Amino acid sequence: MLTLDSKIQFFNGVGYKRSSSFAKLGIKTIGDLLTFFPVKYQDRTRIISMENAWKYSQGCVFGEIGGIEERIFLSNLCLLDVELFDGILIGYVRFFRKKSMHSSADVFASIKKKFEIGNFVYAWGNIKVKSGIVFVMASDYEIVQNKSDKPLLFGKVVPVYHTVKGITQNFIRETVKLALNFCELYPDISNSMPDFKKLPKLTASLAIKRIHYPGTLKSAQFARKIFAIQEFFILEVALLLFRKNVKKNFKTQKYEIKKTMLRPFKNNLGFEFTRDQKKAINNIFFDMQSVNPMNRMLVGDVGSGKTVVAFSATLLAVENDYQVMIIVPTEILAEQHYLAALNAFKGLGIKIVLSTSSILKKKSEREKILIGLKNGYVKIAIGTHSLIEDKIKFKNLSLIIVDEQHRFGVMQKFDALDKAQSPDVLMITATPIPRALAIGICGAVDITTITQLPPGRLPVKTYFASEQLAYTNAIEELKKGNQVYIVFPVIDKSKKFTLKSVIQESKKLSQTWFKDFKIDLLYGKMKSSEKTKIMQRFKDKEFNILISTTVIGVGIDISDATVMIIQHADIFGLSVLHQLRGRVGRSSKQSYLYLIGGFKSDRACKRLSIIRSLNDGIKVSEEDLKIRGPGELMGTLQHGFHEFKTDDLVEVDADILDFIKKYVAKIVEDDPTLSQNTVLKKVIYKRFFNKIKLINVG
Ligand code: ADP
Ligand code: MG
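One numbering rule holds for all chains: residues counted from 1, following each sequence as written. Working convention: letters from A go to chains and numbers from 1 go to ligands, in the order in which they are written. A pLDDT threshold of at least 70 governs which residues receive local features in this predicted model, and a stricter bar of 80 or more applies before side-chain atom pairs are shown or counted, although totals over entire chains, interfaces and linings include all residues. Values shown for side chains rest on all heavy atoms present in the structure; no hydrogens or waters enter the calculation.

Q: Provide a residue-level description of the overall build of the chain, including the pertinent values.
A: Secondary structure elements follow DSSP: runs of H or I of four or more residues count as helices, runs of E of two or more count as strands, with numbering from the N terminus. Along the chain, the regular secondary structure elements total 24 helices and 20 strands. Any two residues whose heavy atoms approach within 4.5 Å are treated as being in contact. Summarising the internal contacts of the chain: among those between residues at least 6 apart in sequence, 73% fall at separations of at least 24. Note on areas: these come from Shrake-Rupley sampling with a 1.4 Å probe, and a residue is covered only by the protein chains present in the view. Total accessible area on the chain stands at roughly 32900 Å², and carbon and sulfur atoms take up 53% of it.

Now the structure itself:
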């Protein structure tokens, strides 16, 4: 018997080949089909008459087939016009096909067979009117024998799904439609949802049916919203249970502020902590000294000085003889943090290792790291997600720090928790989290925000510039002994893009504009040790211009860099540009950002003017969200929670989410084992048990 967990290979003639195409869309089971929601809809409820068609750019027409006319167009493009009579006027449904020059095969053979004169056609597509004659560029059609025959895919709102090579839109439609017969098996938690006047109830199966085949567009939106709220509810319960469990797990680690290391570290810094940094350190120390594990997120704009806060927490752990793991998203940032830590902890006699996948590949290095961490000789491990690898064991890890947390999936972070009994966790991010998600994910996390920049920081002056201007000004800065970054979108020339690249341009620039200065380059694919060397040499000013890709976008800290030039700035997202801008303006000197690019579209111009007018990362990402839509940003944050349809959640009023959050807190308080909410319990157990191992609802 088929269930929601049945593999789709054996469903509705999908077969092995198509099932691998489906897998690319994230669909493996019948259940996955149910929540594979349309990306958009086509409103085919209304038939447009030929007479009125000029008013529309897209739509659906209907009529009797009067004839077929085929034309060869250019040398290899063929056209087929099907004449339609809708009772009043004649119009045409047009098909295009490419034909190879030497082939005599009839590209329209299959279509011509279907279009019998006298039958009726529904057709959907873009509408063009040429000298009063209507042409519909067919993207979908359906033939019926009699005028009154009911069509399958017309006269209704029709879903449009993502497709990949190997499966057609209509095959997906058909398969999903059949899967809807299993809707009732989808666990329905609508009865566990609170009664709230703004929150109408809909069973999960009805919601799913309406999302795929709604009567109207409005009804689809409504169903999506309800479904998203239900998913939010489930996620929230899971996270609160998780948190409750962590809290219940008293930790064994104890910290005493001894200052044997903290004091020399502070004296060594060369600056005072800002008020916000002090507040953050206080929060963190308080959490660490409490009996429950810390679960805190530190949010602060680029350059606000989050690293020293993280280092303070690190030292409190090390002072008390515990081990610390610092995880970052890129190798180059790991290397930077490693160098920064070596420098900041100089003379304290702390053994620190750098652990990235390229280092772990070397057998001797690997052994050293594994043994050092296992016997506790190494106190601090700084690295990429390679640190999460099962083989790496710690003697007494007590603190996990995740820097640039927004780059990680939620689940990876939880996996890291396996390395210790009940570790303290500090997450650091420069990307503020949209409100809806903050309530979701961060239902389980405490937040500290740094709003101040270190004193004396001047806002970075941002310009749209010609290459000429940017390079001339860069030379002025270089003459003052300052340093310059130039960022290109790609490493090497490629056939696919016509973009300027790091390798070609650095050669050119070192012979022309910057022939009197020293240039070096850096990109992701380089060997780890090589990258470290280059960054160290840049820091030591052995060269003055660093040409790179966006790999330098996160976390890099060179205080004498005062110029950032970004080529093809129009193709980068705002948050990326803001992060890149954060690489300059890291001292009291005035810094500059030059954006070079084609600025062809209005959209590109608008985006870039936002970067220019806003220096505040929080505002930049809010604007980014508005223009780009939340999908992308939330996608990264939500990575791992594929069930959670975040796009729709943005549409939900914040007070509904607030209400649910409070309600969930009560459920988890009153019924922590979910014995009164059996369906909910089953859902959570099934979905999250393997992922969030700490949830204990079994
Ligand atoms: P981010 O928050 O982007 O991670 P960093 O921690 O890299 O920022 O700090 C940016 C720069 O500011 C570093 O060079 C750091 O040494 C410096 N810095 C941090 N805090 C202060 C402070 N209170 N006063 C002066 N400089 C500071
Ligand atoms: Mg940082």
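So, next bit.
Q: Please provide a residue-by-residue account of the sheet that holds strand β12 (residues 397-402), values included.
A: For two strands to count as paired, DSSP must find a minimum of two bridges between them. The sheet built from seven strands is open, its strands ordered β10-β11-β9-β12-β13-β8-β14 with parallel pairing. Looking at the sheet topology across the chains shown, the edges are occupied by β10 (352-355) and β14 (446-450). Here the average twist between neighbouring strands, direction ignored, is 20 degrees. Where β10 and strand β11 (residues 380-383) come together, four bridges link them in parallel fashion. The residue bridging I352 from the neighbouring strand is I380, located in β11. As a rule, the C-alpha atoms of each element are fitted with a line to give its axis, helices using only the stretch in contact, and angles between N-to-C directions run from 0 to 180 degrees. Contacting β8 (295-300), β12, β13 (424-429) and β14, helix α8 (residues 275-289) runs over the sheet at an angle of about 160 degrees to β14.

Q: Explain unusual backbone geometry to me, using residue names and the numbers behind them.
A: You will see that N12, though not glycine, has its phi angle at about 50 degrees, which is positive. Its place among the elements puts N12 in the segment before α1 (15-24). Partly exposed describes any residue whose relative accessible area lies between the buried limit of under 20% and the exposed limit of over 50%, with all areas from a 1.4 Å probe on protein chains only and scaled to the type maximum. Residue N12 is classed as partly exposed on the basis of its relative accessible area of 28%. Of note, K541 is a non-glycine position whose phi angle comes to about 60 degrees, a positive value. You can see K541 is positioned in the loop between α17 (528-539) and β18 (545-548).

Q: Any details on a positive patch on the surface? Residues and values, ideally.
A: On the surface, a cluster of positive charge is contributed by K259, R263, K266 and K278. Relative to the assigned elements, K266 resides in helix α7 (residues 262-269). A residue is classified by how much of its surface remains accessible, and K266, at 41% relative accessible area, is partly exposed. Any residue with relative accessible area above 30% and no salt bridge may belong to a patch, with like charges joined within 9 Å and the nonpolar Val, Leu, Ile, Met, Phe, Trp and Tyr side chains within 5 Å. Whenever a carboxyl oxygen of Asp or Glu lies within 4 Å of a side-chain nitrogen of Lys or Arg, that contact is scored as a salt bridge. Charge counting follows a simple rule: Lys and Arg are positive, Asp and Glu are negative, and His as well as the terminal groups are ignored. The atoms used to mark charge sites are NZ of Lys, CZ of Arg, CG of Asp and CD of Glu.

Q: Give a description of the sheet that holds β18 that names residues and reports values.
A: Hydrogen bonding along the main chain pairs the strands of a sheet, whether they run parallel or antiparallel. Across the sheet, which stays open at both edges, the six strands sit in the order β15-β20-β19-β16-β18-β17 with parallel pairing between neighbours. Here the strands that pair on one side only, and so sit at the sheet edges, are β15 (461-464) and β17 (519-522). The mean inter-strand angle of the sheet, taken between neighbouring strand axes irrespective of direction, is 20 degrees. With four bridges connecting them, β15 and strand β20 (residues 592-595) associate as parallel partners.

Q: How would you explain the pairing of β8 if you had to name every residue and give the values?
A: By the criterion of burial, β8 is predominantly enclosed, with six of the six residues buried. Judged by which residues are buried, β8 turns out to be covered on both faces: N295, M297 and V299 on one side and R296, L298 and G300 on the other are all buried. By the bridge criterion, five bridges tie β8 to β13 in an arrangement that is parallel. Residue pairing in the sheet places R296 in a bridge with L426 of β13. Relative to β14, β8 runs parallel, the two sharing five bridges. Residue pairing for β14: L298 is matched across the bridge by T448.

Q: Could you give me a rundown of the packing of aromatic side chains, with the residues and numbers involved?
A: Aromatic pairs are defined between Phe, Tyr and Trp rings, using the six-membered ring for Trp, whenever the two ring centres lie within 6.5 Å; interplanar angles under 30 degrees are classed as stacked, those over 60 as edge-to-face, and all others as tilted. The full count for this structure, using the stated rule, is 22 aromatic pairs. The interplanar angle of 20 degrees and the centroid separation of 5.7 Å between the aromatic rings of Y463 and Y594 together place this pair among those described as stacked. Residue Y463 is located in strand β15, and its partner Y594 is located in strand β20; the two are separated by 131 residues in the primary sequence. Residue Y463 is classed as partly exposed on the basis of its relative accessible area, which comes to 32%. Judged by relative accessible area, Y594 falls into the buried class, the value being 2%.

Q: Outline the site of ligand 1, supporting the account with residue identities and numerical values.
A: Distances are taken per atom, and a residue is near a molecule or strand as soon as one of its heavy atoms is within 4 Å of it. Taken together, 17 residues form the shell around ligand 1, and within it E272, G303, K306, T307 and D557 come nearest. Side-chain atoms alone can form a polar contact between residues adjacent in sequence; in general such a contact is a pair of N or O atoms within 3.5 Å, and within protein one must be able to donate a hydrogen while the other accepts it. Measuring from an oxygen atom of ligand 1, one finds a backbone N or O atom of G305 at 3.0 Å. Protein contact buries 88% of the 570 Å² of open area that ligand 1 shows by itself.

Q: Lay out the packing of helix α10 (residues 331-344) against α17 with the relevant residues and their values.
A: Packing of α10 against α17 leaves a shortest axis separation of 10 Å and a crossing angle of 55 degrees. Our classification of the angle between α10 and α17 gives oblique. Between α10 and α17 lies a crossing of right-handed hand. Note on element contacts: α17 touches α10 through S528, K531, T532, M535 and Q536, opposite E331, I332, E335, Q336 and L339. Working definition: roughly parallel below 35 degrees, roughly antiparallel above 145 degrees, roughly perpendicular at 65 to 115 degrees, and oblique for all remaining angles. Each crossing gets its hand from how the near helix is turned against the far one by less than a right angle, where anticlockwise is left-handed and clockwise is right-handed.

Q: Residues and numbers for the packing of α7 against helix α9 (residues 306-319), please.
A: Where α7 contacts α9, the axes come no closer than 10 Å and their chain directions differ by 155 degrees. In terms of axis orientation, α7 runs roughly antiparallel to α9. Note on element contacts: α9 touches α7 through V308, F311, S312, L315, L316 and E319, opposite L262, F265 and L269. Taken together, the residues of the contact of α7 with α9 break down into seven nonpolar, one polar and one charged. Under the convention adopted here, Pro, Cys and the residues Ala, Val, Leu, Ile, Met, Phe, Trp and Tyr are nonpolar, Asp, Glu, Lys and Arg are charged, and Gly plus all remaining residues are polar.

Q: Outline the pattern of salt bridges, listing residues and values.
A: Tallied over the full model, the rule gives 18 salt bridges. For D557, the salt bridge goes to R586, with nearest N and O atoms at 2.6 Å. Here D557 is found in the loop between β18 and β19 (561-566), whereas its partner R586 is found in the loop between α18 (574-581) and β20, with 29 residues between them in sequence.

Q: Lay out the pairing of β20 in plain terms, naming residues and giving numbers.
A: Of the two faces of β20, the one lined by Y592 and Y594 and the one lined by L593 and L595 are each fully buried. Bridge analysis of β19 against β20 gives four bridges, and the strand direction is parallel. In the strand pairing of β20, I565 is matched with Y594. Here the term right-handed applies to a crossover when the path leading from its first strand over the helix to its second strand runs clockwise, the strands being oriented away from the viewer. Taking the sense of rotation as the criterion, the β-α-β connection linking β19, α18 and β20 turns out right-handed.

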